[in-house]
Amino acid sequence: DAKTTQPNSMESNEEEPVHLPCNHSTISGTDYIHWYRQLPSQGPEYVIHGLTSNVNNRMASLAIAEDRKSSTLILHRATLRDAAVYYCIPNIYGQNFVFGPGTRLSVLP
Amino acid sequence: NAGVTQTPKFQVLKTGQSMTLQCAQDMNHNSMYWYRQDPGMGLRLIYYSASEGTTDKGEVPNGYNVSRLNKREFSLRLESAAPSQTSVYFCASSVSTNTEAFFGQGTRLTVV
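What this report covers is the structure whose coordinates are included nearby. (Residues numbered from 1 in each chain as written. Chains lettered and ligands numbered in written order. Predicted model: local features only at pLDDT ≥ 70, side-chain atom pairs only at ≥ 80, totals over all residues. Heavy atoms only, no water.)

Topic: unusual backbone geometry
Cis geometry marks the peptide bond from Thr-7 of chain B to Pro-8 of chain B; its omega dihedral reads -5 degrees. Secondary-structure assignment places Pro-8 of chain B in the loop between β1 (4-7) and β2 (10-13). Positive phi, close to 70 degrees, is recorded for Glu-15 of chain A, a residue that is not glycine. Looking at where Glu-15 of chain A falls in the secondary structure, it is placed in the loop between β1 (9-13) and β2 (18-23). At Arg-68 of chain A, a position not held by glycine, the phi torsion is positive, near 65 degrees. The topology assignment puts Arg-68 of chain A in the loop between β6 (61-64) and β7 (70-75). (Helix = DSSP H or I, 4+ residues; strand = E, 2+ residues; numbered from the N terminus.)

Take a look at the structure:
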């Protein structure tokens, strides 16, 4: 199983960009990198996923290192609603769809 | 547009009682999952069902059983509840085991 390392917590000011890093040095060549987030008192929600090249959607961007051993989730303009725990998951196949401790993002007004 | 629906939303059980947590999805998804989340902790996978008719253990299956009743429904049963099973339980579903997953709002279970 691919293991991940994320900072326990990060802080950002409102309307500033946020870069959330994740190391997944044991990822296999076919594993997509997935990001989910969990807002307070809610279930997790999908944010974005990618394999090799950078990905964008309406919520965020995902920058994947060329060697795929790390990735960065980018929130272009943090809002108060983005305060959540962010999870990086390298492989969501079956029993591998596990959540580590994630990064708790605080957004300051 | 219901998505993933869990019932009940809240439940209090006495030690030794049994109950079944229900989960249904209306997105025609193949894969379904049950997780538990203890206070201040991450989610832990209890059981999953990659497709209708199959179920497999996750990280913390002891004390639980599951049934994939049909493609829509995946239930989680506690045969003899224990205080250690006090937690928030989340059900999730996805088209397959490597695509975006959708989560329910959770069932908050307290065992006294």
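Details of the environment of Pro-90 of chain A
Considering the arrangement of structural elements, one finds Pro-90 of chain A in the loop between β8 (84-89) and β9 (103-108). Spatially, the C-alpha atoms of Pro-90 of chain A and Gly-100 of chain A are 11 Å apart, while their sequence positions differ by 10 residues.

A word on the pairing of β2 of chain A
Residue and element names in this part refer to chain A. In β2, alternate side chains face the same way, and those of Val-18, Leu-20 and Cys-22 are buried while those of His-19, Pro-21 and Asn-23 on the opposite face are not. Here 6 bridges tie β2 to β7, and the two strands are oriented antiparallel to one another. Pairing of Cys-22 across the sheet is with Ser-71, part of β7. (Buried < 20%, exposed > 50% of the residue type's maximum accessible area, 1.4 Å probe, protein only. Pairing = 2+ DSSP bridges.)

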